[in-house]
Amino acid sequence: MNLPYMTAATGKNRKQIIAFAGLNYGQGAGDGELAESWGLSSARFPCLSQRDGRKTAGTYTSPTGLYARGKLCVVDGTDFLYDGKVVGHVTAGEKQFATINTKIVIFPDKVYYDTEAEKFGMLAAEYPGFPGDVTFTANTLTVPEQSYIDQAAENAETKGSVAADTSITAYTGASVNKTTGALTMSGGTAGTPDKLKAGDYIQYDCDSSKEYMVVQSSAKQSDGTYQITYLLHTAALHKYPGFDELFKAGDAIEISGCTTCAANNGSHIIRSLEARKLTFTKDIFTKTGVEAGTVMLERKVPDLTCICECDNRIWGAEGKTIYASALGDPTNFYVYDGVSTDSYAVAVGTEGEFTGCIAYSSTVLFWKENCLHKVLGSYPAQYEIYTYTVPGIQKGSEKSLAVINETLFYKGRNGVYAYSGGTPELLTENFGTRRFFDAVGGTDGERYYISMRTEKGDWELYVFDTLRAIWLREDATHALDWAYLDGTLYFLDGATGKLMTTGQDYSEEGLVNWSATLCQMDETSHGRKCYSKLYLRADLEAGAWLKVEISTDGKPFRQVFSTHNERAKTLQVPILPVRCDNFRIRLSGKGGCLVKSIIREFALGSEY
């Protein structure tokens, strides 16, 4: 009897990875996701390709800050460079920058550079008025063109080996004639070094016509002589600078140090000024006449720890207070005149220090690690503060802020977030338990670049493609700062001190090393798998090489293919794994290689 034929079930399936995905350091990775990457770019996704080349745009000794506004600005040690030229000096350390009109302001130094006037200057100003030189009327303050003053040295000096029987006159008073500079000593009593006490006025081994000493101590030495420590005072001619060199009409200045006219101390707004005369609001001063104390006139600027510009004002925070400068004027933060151009300040009650601020759309956002303060309004009388308890900017990551297509990206405690006006979205769920610190971010308009320090202290550079929503690790670059100018993204390399440009060819650094480790691949069936074939399709450029490695069931990687091309060609690489339950593939190489796809075939085997 003829029996019917039965078709053999081979159990063979076919699956093609069409689009590679980004990094996934967590659990439950999907096919095509990467367990690790190096030197890759998302520019040609769904294919894997290499990052663009980089070129050196400058080399510095101790760079700490980078900014772009028409030209590149770099802080190198204590030098501030604009367009490659040193135009001013700052303190060493990290900086924050913002631009208002033609002025680039730099904190914490509280200085500015006017790009149009090519002037470097201080935002704050101080003007001392010495005793007897400041005169008040009901609404004016004047100083002479010049005056002799009693000028004390900054540091104490000593005179040693003064014989015990040396005759030294101790005075109780000294005065300098404001017009002639003549020095007059009063209340003198003759004595010897052992009789001197702190605060005595003496004239010993000095120019008695214009100098005297204020004793700090007189100590007997082992040889019987005395060592006198003193502060030298000199009758010196002081020429007062013009008020218009430091101040302008509309400035709010703090007057302090008045003793004779103590009621005049306080904050006042200059209405007009001449070289030696300031005019204030009518009848603002209740005390008139010559002031006997040392008067200090100050245009103060708060010690802002974060700054930004919005609506022609410089915004920032110090302690628990949010500040805004007067409209168009970064030198005035304390002008309260009841008009729309006034300065603005408000204290908030939330816990913690401010960790960053940025202008976003028509608002200003002030961040702490656990909350957000949003400032709405067009002028001081309209300003309102709204507070939201959301993940904020991690302390030390204030430079991670970057806006791409109206979305704000920043580094929080638990990862990188995207903010579009509502609740921030965590973008690094795929990073698993990895934690990073001290992030510095930048953008080329499409991708978000962020350099972060790992828990081990190493630095890693990650790139987030905002169009495809994937992460890749480029390399171990420590970027100190980023700046985008004329279509080019720049960064300061913390390891070399070089200013680097991205998006370049490979003529300077040569062919780039790269690697891609795919996440573990397996199926949900309980049967063992025997993968019969995998096909890798790639385009290899001239001079490039490619290596393929495979790991099965958690075993070490072993090489299954390698090639080096003298000329460009397309490869189709067969990979033959051994019988296994799961496997991983690692691709690596140097030079241009476009990995297009991986196709795999498998047949189910037994459970053993």
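Just so it is clear, the model here is predicted, and its values are computed rather than measured. Counting of residues starts from 1 at the beginning of each chain's written sequence and follows it residue by residue. Totals for whole chains, interfaces and linings use every residue, but because this is a predicted model, local features are given only for residues with pLDDT of at least 70 and side-chain atom pairs only at 80 or more, for both listing and counting. The side-chain values count all of the structure's non-hydrogen atoms but skip hydrogen atoms and water molecules.

Caption draft 1: Main features of the pattern of salt bridges. Salt bridges, as used here, are contacts in which a Lys or Arg side-chain nitrogen is within 4 Å of a carboxyl oxygen on Asp or Glu. If you walk through the whole model with that rule in mind, you get 27 salt bridges. The shortest N-O distance in the salt bridge between R447 and E446 comes to 4.0 Å. Here R473 makes a salt bridge to E460, at a shortest N to O gap of 3.3 Å. Of the two residues, R473 is situated in strand β47 (residues 470-475) and E460 in strand β46 (residues 459-465); the sequence distance between them amounts to 13 residues. Each member of the pair, R473 as well as E460, carries the same accessibility label: buried. Here a helix means four or more residues in a row that DSSP labels H or I, a strand means two or more in a row labelled E, and each is numbered from the N terminus. Exposure classes here rest on a 1.4 Å probe applied to the protein chains alone. A residue is buried below 20% of its type maximum, exposed above 50%, and partly exposed in between.

Caption draft 2: Molecular detail of the layout of surface pockets. In the cavity and pocket records, a cavity denotes points on a 1 Å grid over the protein atoms alone where a 1.4 Å probe fits but cannot get out, a pocket denotes an open set with protein on both sides within 12 Å along at least 5 of 7 lines, and lining residues are residues with an atom within 4 Å of a point. Grid points are joined across faces, edges and corners, and a volume is the space filled by probe spheres set on the points. By volume, the largest pocket is sized at about 1,200 Å³. Classification convention: Asp, Glu, Lys, Arg as charged; Ala, Val, Leu, Ile, Met, Phe, Trp, Tyr, Cys, Pro as nonpolar; all other residues, Gly among them, as polar. Looking at the lining of the largest pocket, its residues break down into 19 nonpolar, 7 polar and 7 charged. Lining the second largest pocket are 17 residues; nearest its centre among them are Y112, K119, L246, R299 and T331. It is strand β13 (residues 119-122) that provides the largest number of residues to the lining of the second largest pocket, a total of 3 residues. In terms of residue class, the lining of the second largest pocket is built from 7 nonpolar, 2 polar and 8 charged.

Caption draft 3: Representation of the nonpolar core in the model. In terms of nonpolar packing, the biggest core is built from 44 residues, with Y448, Y462 and W471 touching the most fellow members. In terms of residue count, strand β52 (residues 529-540) provides more of this core than any other element does, 4 residues in total. Residue types Ala, Val, Leu, Ile, Met, Phe, Trp, Tyr and Cys, when buried and joined through side-chain atoms within 4.5 Å, form a set referred to as a nonpolar core. Ranked by size, the runner-up nonpolar core spans 21 residues in total, among them F136, L141, C258 and I270.

Caption draft 4: Quick peek at the sheet that holds β47. By this definition, two strands are paired if DSSP reports at least two bridges between them. Spatial strand order, β44-β45-β46-β47: 4 strands in an open sheet with antiparallel pairing. The open sheet is flanked by β44 (436-443) and β47, the only strands paired with a single partner. For this sheet the average axis-to-axis angle between neighbouring strands, irrespective of direction, equals 25 degrees. With 5 bridges connecting them, β46 and β47 associate as antiparallel partners. Its bridge partner being in β47, Y462 is matched across the sheet by R473. Under this scheme, a helix contributes an axis fitted over its contacting stretch, all axes are lines through C-alpha atoms, and angles between N-to-C directions fall in the 0 to 180 degree range.

Caption draft 5: Broad picture of the packing of aromatic side chains. In this scheme Phe, Tyr and Trp rings, the latter by its six-membered ring, pair at centre separations within 6.5 Å, and the angle between planes marks the pair as stacked below 30 degrees, edge-to-face above 60, and tilted otherwise. What the rule picks out here adds up to 31 aromatic pairs. Between F80 and F120, the ring centres sit 6.1 Å apart and the planes meet at 35 degrees, which makes this aromatic pair tilted. Of this pair, F80 sits in strand β8 (residues 79-82) while F120 sits in strand β13, placing them 40 residues apart in sequence. Between F431 and F436, the aromatic rings sit 6.0 Å apart at their centres with planes inclined by 70 degrees, giving edge-to-face as the arrangement. Site record: aromatic cluster; members linked through ring pairs are Y25, F409, F431, F436, Y448, Y462, F464 and W471. Its end group placed over the ring of F354, K368 keeps NZ or CZ at 4.8 Å from the ring centre. Our definition puts a charge over a ring when NZ of Lys or CZ of Arg is within 6 Å of the ring centre and also within 35 degrees of the ring normal. Across from the ring centre of Y25, 3.5 Å away, lies the NZ or CZ of R434, which sits over that ring.

Caption draft 6: Structural detail: empty space enclosed by the protein. Scanning all chains against the criterion turns up 1 cavity of 30 Å³ or more. In terms of lining residues, the largest cavity is bounded by C310, D311, R313, W315, S362, V364, V375, G377 and Y383. In terms of residue class, the lining of the largest cavity is built from 5 nonpolar, 2 polar and 2 charged.

Caption draft 7: View of the environment of Y230. Residue position: Y230 is located in strand β25 (residues 226-239). It only takes one pair of heavy atoms within 4.5 Å for two residues to be counted as in contact. In contact with Y230, other than residues within four places in its own chain, are A156, E157, T158, K159, M213, V214, V215 and Q216.

Caption draft 8: Structural view of the sheet that holds strand β39 (residues 384-388). Across the sheet, which stays open at both edges, the 4 strands sit in the order β36-β37-β38-β39 with antiparallel pairing between neighbours. Sheet topology places β36 (356-360) and β39 at the edges, where each strand pairs with a single neighbour. Taken over all neighbouring pairs, the strand axes of this sheet differ in orientation by 20 degrees on average, direction set aside. The pairing of strand β37 (residues 363-367) with strand β38 (residues 372-376) spans 4 bridges and is classified as antiparallel. Counterpart to W367 in the pairing with β38 is L372.

Caption draft 9: Region of interest: the pairing of strand β41 (residues 407-412). Among the 6 residues that make up β41, 6 are buried, leaving the element largely enclosed by the rest of the structure. Where strand β40 (residues 402-404) folds back on β41, the antiparallel hairpin that results is connected by 2 residues, among which N405 adopts a positive phi of roughly 50 degrees. Here β41 folds back onto strand β42 (residues 415-419) in antiparallel fashion, the turn holding 2 residues.

Caption draft 10: Quick peek at the state of the cysteines. Here, a disulfide means two cysteine sulfur atoms that sit within 2.5 Å of each other. All chains considered together, the criterion is met by 0 disulfides. Among the cysteines around C73, which has no disulfide bond, C308 carries the closest sulfur, lying 17 Å off. For C73, a relative accessible area of 0% corresponds to the buried category. With no disulfide of its own, C371 lies 12 Å from the sulfur of C306, the closest cysteine sulfur. You can call C371 buried: its relative accessible area is 8%.

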